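The residues making up each chain are set out below.
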Amino acid sequence: MEKNTYKLVVLVGSVREGRFGPVVSSWVAEQAVAHGGFEVEVVDLGEFELPLALPAAPPKSAGADYPRPAGMAGLTEALAGADAVLIVTPEYNHSYPASLKAAIDWHFTQWTAKPVAFVSYGGAAGGRHAVLHLENVLTELHAVTVRDGLSFPNYFTAWTDGRPDDPRAAGHAKAMLDQLAWWAAALKNARAAAPYPA
């Protein structure tokens, strides 16, 4: 029996100069490809226009007429086509980057009834404060946050040549991806069966 695959967007959440996010995202995307349950697309927020000033009408009410910048079109298309999203985020001052908040706030239906997992990195907390805040925000947008995730404390001393030093990291990634694939299947089938009552 052929295994189903689901469209997974790995979202690089930081646009900061000298950021470590692309390193983490590259490794996570490699794990997702090896998992075999996903068609993987890495989407880097640094490649898109992300203004902080938003239109007066929220995207939920404006729908398809929401006036997003032309430079955001690729991001919107990727999120709309995704069956699941995996957000890679650092922790800045006990929360997540403004770039990630802007990307989230410019969208609504693109998150609805889709699973979202998190991979974080930071200092001693490994980015967990950022993830706790993101879970609250994504729940408000009717996304389903996956319980298991990955966090990398003190990433600046815990990675070598683009790979985490912890030999258990790949196993933890597989557990997270197994849950993400399960939710991707369940929610894709549910969305196909009936519109989500948002």
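For the structure, check the block above.
Computed from a prediction, not measured in an experiment: that's the story for all the values here.

**Structural notes on the pattern of salt bridges**
Pairing between side chains becomes possible if they bear opposite charge and their charged atoms approach one another. Taken as a whole and judged by the stated rule, the model has eight salt bridges. A salt bridge links R163 to E30; the shortest N-O distance between them is 2.8 Å. With R163 in strand β8 (residues 163–164) and E30 in helix α1 (residues 21–35), this residue pair connects regions lying 133 residues apart in the sequence. The salt bridge involving D83 is made with K188; its shortest N-O contact spans 3.8 Å. Pair noted here: D83 is in the loop between α3 (73–81) and β3 (84–90) and K188 is in helix α7 (residues 169–193), with a separation of 105 residues, a long-range link. Salt bridges sharing common partners tie together D83, K188 and R191.

**Description of the environment of P51**
Topologically, P51 is positioned in the loop between β2 (38–44) and α2 (59–62). Along the backbone, P51 and P69 are 18 residues apart, and their C-alpha atoms lie at a distance of 8.4 Å. Apart from residues lying up to four places away in sequence, P51 is in contact with P69, M72, A102 and W106.

**Quick look at the packing of helix α4 (residues 98–105) against helix α5 (residues 128–140)**
The contact between α4 and α5 brings their axes to 11 Å, and the two run at 10°. Classified by the interaxial angle, the pair formed by α4 and α5 is roughly parallel. Along its contact with α4, which presents L100, K101 and I104, the element α5 presents L134, V137 and L138. Within the contact of α4 with α5, the residues separate by chemical class into five nonpolar, no polar and one charged.

Criteria and cut-off values
- Residues numbered from 1 in each chain as written.
- Predicted model: local features only at pLDDT ≥ 70, side-chain atom pairs only at ≥ 80, totals over all residues.
- Heavy atoms only, no water.
- Salt bridge = Lys/Arg side-chain N within 4 Å of Asp/Glu carboxyl O.
- Helix = DSSP H or I, 4+ residues; strand = E, 2+ residues; numbered from the N terminus.
- Contact = heavy atoms within 4.5 Å.
- Axes fitted to C-alpha atoms, helices over the stretch in contact; angles between N-to-C directions.
- Parallel < 35°, antiparallel > 145°, perpendicular 65-115°, else oblique.
- Nonpolar A, V, L, I, M, F, W, Y, C, P; charged D, E, K, R; others polar.

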